[in-house]
Amino acid sequence: MKFGFRYCPKCGAPLEERTVGDQIEPVCTRVECAYIFWQNSKPCTCAVIENDRGEVLLCVRKHEPDAGKIDLPGGFLEFGEHPHDAIHREIREELGVTIEIEAGIGFVMDWYDGKEVATLNIPFVAHIVEGTPTPNDDVAAIQWKRLEDINRADLAFRNNETILFELYANYRK
Ligand SMILES: [Zn+2]
């Protein structure tokens, strides 16, 4: 199964993958239910937080996937949550600081947990307006680095590289 789901979340009957429009979706095999379990990319948000020395804030991931690798602070949006609210919440949870958003710098598609979950990543450029960043939650440590000092091989997930070296680098040009 492409998505790994076996049973209908509404009635519990087995799902089967069918072509719906031009996509494959899990569909309930019980005719009276026929629920289409629509699958979408999961929205995530992250922040490129700058300081006045021209450095950006990077987090060392505490948990799998990619524990020990470098990540931008952020996370998954909650149900019905606006990306602006999500990034303020995630930064408070992970770093204990308040940020001000300067700009959204685009969208990046990626995968999480191998190919299990498709992600839609929404990055912002931001600045700390209150507090001193302290690693919390799923962050093991933080570091401030200039873009040119970041080793691409240390980065978790492909979207971090795209966000930092394409979207953010172009935004700052
Ligand atoms: Zn069903």
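Residues numbered from 1 in each chain as written. Predicted model: local features only at pLDDT ≥ 70, side-chain atom pairs only at ≥ 80, totals over all residues.

K.L.:
Outline the overall build of the protein, supporting the account with residue identities and numerical values.
P.N.:
Helix and strand counts for the protein come out as two helices and 10 strands. Reading the protein from its N terminus to its C terminus gives the helix and strand order β-β-β-β-β-β-α-β-β-β-β-α. The dimensions of the protein, computed from C-alpha atoms along their principal axes, are 60 × 30 × 30 Å. In the protein, buried positions account for 25% of the 173 residues. The long-range share in the protein, meaning contacts at least 24 apart out of those at least 6 apart in sequence, stands at 59%. (Helix = DSSP H or I, 4+ residues; strand = E, 2+ residues; numbered from the N terminus. Buried ≥ 20, exposed ≤ 12 C-beta atoms within 10 Å, placed from the backbone. Contact = placed C-beta atoms within 7 Å.)

K.L.:
Quick rundown of the nonpolar core? Include the residues and the values.
P.N.:
Grouped together as the largest cluster of nonpolar side chains are 28 residues, with contacts concentrated most on Ala-47, Val-48, Ile-49, Leu-72 and Ile-163. Put simply, the parts of the chain that give this core at least two residues each are strand 3 (42-50), strand 4 (56-61), helix 1 (83-95), strand 9 (117-130) and helix 2 (157-172). The contacts of Ile-163, once residues within four sequence positions are left out, are Cys-46, Val-48, Leu-72, Val-108, Asn-121, Pro-123 and Tyr-168. (Core = buried A, V, L, I, M, F, W, Y, C linked by C-beta atoms within 7 Å.)

K.L.:
Just give me the short version of the domain arrangement of the protein, but keep the residues and values in it.
P.N.:
Looking at the protein, the domain boundaries give domain 1 (1-39) and domain 2 (42-172). Centre-to-centre separation of domain 1 and domain 2, based on C-alpha positions: 34 Å. (Domains from an automatic or database assignment.)

K.L.:
Could you give me a rundown of the pairing of strand 8 (residues 108-112), with the residues and numbers involved?
P.N.:
Strand direction decides the pairing type here: strand 8 and strand 9, joined by five bridges, are antiparallel. Within the sheet, the bridge partner assigned to Trp-111 lies in strand 9 and is Ala-118. (Pairing = 2+ DSSP bridges.)

K.L.:
Can you break down the environment of Ala-67 residue by residue, with the values?
P.N.:
Locating Ala-67 in the fold gives a position in the loop between strand 4 and strand 5 (70-71). Among the residues examined, Ala-67 registers 12 C-beta atoms within 10 Å and is labelled exposed. Placed 37 residues apart in sequence, Ala-67 and Arg-30 show a C-alpha to C-alpha distance of 41 Å. Those residues in contact with Ala-67 that sit more than four places away from it in its chain are Arg-61 and Lys-62.

K.L.:
Give a detailed account of helix 1, specifying residues and quantitative values.
P.N.:
With 13 residues, helix 1 should cover 18 Å at 1.5 Å per step; its first-to-last C-alpha distance of 18 Å lies within 8% of that length. Those residues of helix 1 not exposed but buried are Ala-86, Ile-87, Glu-90, Ile-91, Glu-94 and Leu-95. Angular distribution of buried residues about the axis of helix 1 spans 125°; they occupy a single face of the element. Each element contacted by the buried residues of helix 1 is listed here: strand 3, strand 4, strand 6 (74-76), strand 7 (98-104), strand 9 and strand 10 (139-145). Looking one or two places after helix 1, you find Gly-96, whose phi comes out positive at around 70°. (Expected span 1.5 Å × (residues − 1). Arc of directions from axis to C-beta.)

K.L.:
Tell me about the environment of Val-56, and please be specific about residues and values.
P.N.:
With respect to the helices and strands, the residue Val-56 is situated in strand 4. Val-56 sits in the buried class, given 20 other C-beta atoms within 10 Å. Separated by 39 residues in the primary sequence, Val-56 and Leu-95 have C-alpha atoms spaced 14 Å apart. Residues within four places of Val-56 in sequence aside, it is in contact with Val-48, Ile-49, Glu-50, Lys-145 and Leu-147.

K.L.:
How would you explain the environment of His-88 if you had to name every residue and give the values?
P.N.:
With respect to the helices and strands, the residue His-88 is situated in helix 1. Taking the C-beta count within 10 Å as the criterion, His-88 has 19 such neighbours and is therefore assigned partly exposed.

K.L.:
Account for helix 2, naming residues and giving values.
P.N.:
Here helix 2 contains 16 residues, and its C-alpha end-to-end distance of 22 Å stays within 8% of the 22 Å for a straight helix at 1.5 Å per residue. Most pronounced at Ile-163, the bend in helix 2 amounts to some 35°. Those residues of helix 2 that fall on the buried side of the exposure criterion are Phe-157, Asn-159, Asn-160, Ile-163, Leu-164, Leu-167 and Tyr-168. Looking at the packing, one finds that the buried side of helix 2 touches strand 3, strand 5, strand 8 and strand 9. (Bend = angle between axes of the 7 residues up to and from the residue.)

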